[in-house]
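Observations on the three-dimensional arrangement
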Amino acid sequence: QVQLVESGGGLVQAGDSLRLSCTISGTVETYAMGWFRQAPGKDREFVAAISWSGSITHYADSVKGRFTISRDNTKNTVYLQMNSLKPADTAVYYCAGGDMGVGSVGSRVFEYDYWGQGTQVTVSS
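Here's a quick rundown of the structure. (Residues numbered from 1 in each chain as written. Predicted model: local features only at pLDDT ≥ 70, side-chain atom pairs only at ≥ 80, totals over all residues. Heavy atoms only, no water.)

1. Concerning the pattern of salt bridges
For clarity, the threshold we go by: Each reported salt bridge corresponds to a side-chain nitrogen of Lys or Arg within 4 Å of a carboxyl oxygen of Asp or Glu. By definition, any uninterrupted DSSP run of H or I lasting at least four residues is a helix, any uninterrupted run of E lasting at least two residues is a strand, and each is numbered from the N terminus.
Scanning the entire structure with this criterion turns up 5 salt bridges. With its nearest N and O atoms 2.9 Å apart, the salt bridge here joins R37 to D89. You can see R37 sitting in strand 4 (residues 32-38) and its partner D89 sitting in the loop between strand 8 (77-82) and strand 9 (91-98), a full 52 residues away along the chain. Three or more residues are tied together by salt bridges with common partners; here these are R37, E45, R66 and D89.

2. Some remarks on the state of the cysteines
Two cysteines whose sulfur atoms are joined by a covalent bond form what is called a disulfide. For clarity, the cut-off: What counts as a disulfide here is a pair of cysteine sulfur atoms lying within 2.5 Å.
Evaluated as defined, the whole model comprises 1 disulfide. Through a disulfide, C22 is tied to C95; the S-S separation comes to 2.1 Å. A torsion of -75 degrees about the S-S bond marks the disulfide between C22 and C95 as left-handed. A residue pair is termed long-range when its members are at least 10 positions apart, and C22 in strand 3 (residues 18-25) and C95 in strand 9 qualify at 73 residues.

3. Observations regarding the environment of G15
Using the following cut-off: Contacts are assigned to residue pairs that have any heavy atoms within 4.5 Å of one another.
In this fold, G15 is placed in the loop between strand 2 (10-13) and strand 3. A C-alpha to C-alpha distance of 19 Å links G15 and T119, two positions 104 residues apart in sequence. For G15, the residues in contact, after removing those within four places along its chain, are S84 and L85.

4. A few points about the packing of aromatic side chains
Applied cut-off: Two aromatic rings from Phe, Tyr or Trp, using only the six-membered ring of Trp, form a pair when their centres are within 6.5 Å; if the ring planes differ by under 30 degrees the pair is stacked, by over 60 it is edge-to-face, and anything between is tilted. Remark: exposure states derive from per-residue accessible area (1.4 Å probe, protein chains only) relative to the maximum for the residue type, with buried under 20%, exposed over 50%, and partly exposed in between. Placement of a positive charge over a ring is assigned whenever Lys NZ or Arg CZ falls within 6 Å of the ring centre and within 35 degrees of the normal to the ring plane.
Counting across every chain of the model gives 5 aromatic pairs. A ring pair is formed by F36 and Y112, whose centres lie 5.3 Å apart and whose planes are at 80 degrees; its orientation type is edge-to-face. Here Y112 lies in the loop between strand 9 and strand 10 (114-115) and F36 lies in strand 4, a separation of 76 residues in the sequence. Residue classification places Y112 among the buried positions, given a relative accessible area of 5%. An aromatic cluster of at least three residues, connected via ring pairs, comprises F36, F46, Y112 and W115. One cation-aromatic arrangement involves R44 over Y94; the distance from NZ or CZ to the ring centre is 3.7 Å.

Structure below.
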């Protein structure tokens, strides 16, 4: 059974940085991993994704240049480094895993099979 557990969220000021971690239990080392977020009253939206090897990454335009996704398969962990945070980044952040084949990443919710419980990120102005 696969479980994803996010950590690292918190309350920060605009311009600060945070690093989210997603610890994976179960056999998902060949899965693409993604980060999504959901603000109150809004749909869950794509943030970033990384292929199983880590060689391919994809970002939402709203975070490109500020966020970096990475993974360490030896530690079964995926990271989201978030810099220059803005109040608009406030949301619950979810880690997700999906079997998309080698060299592929996805940006849509339905492409992912497993989800964490989410971690809250709040950015004050």
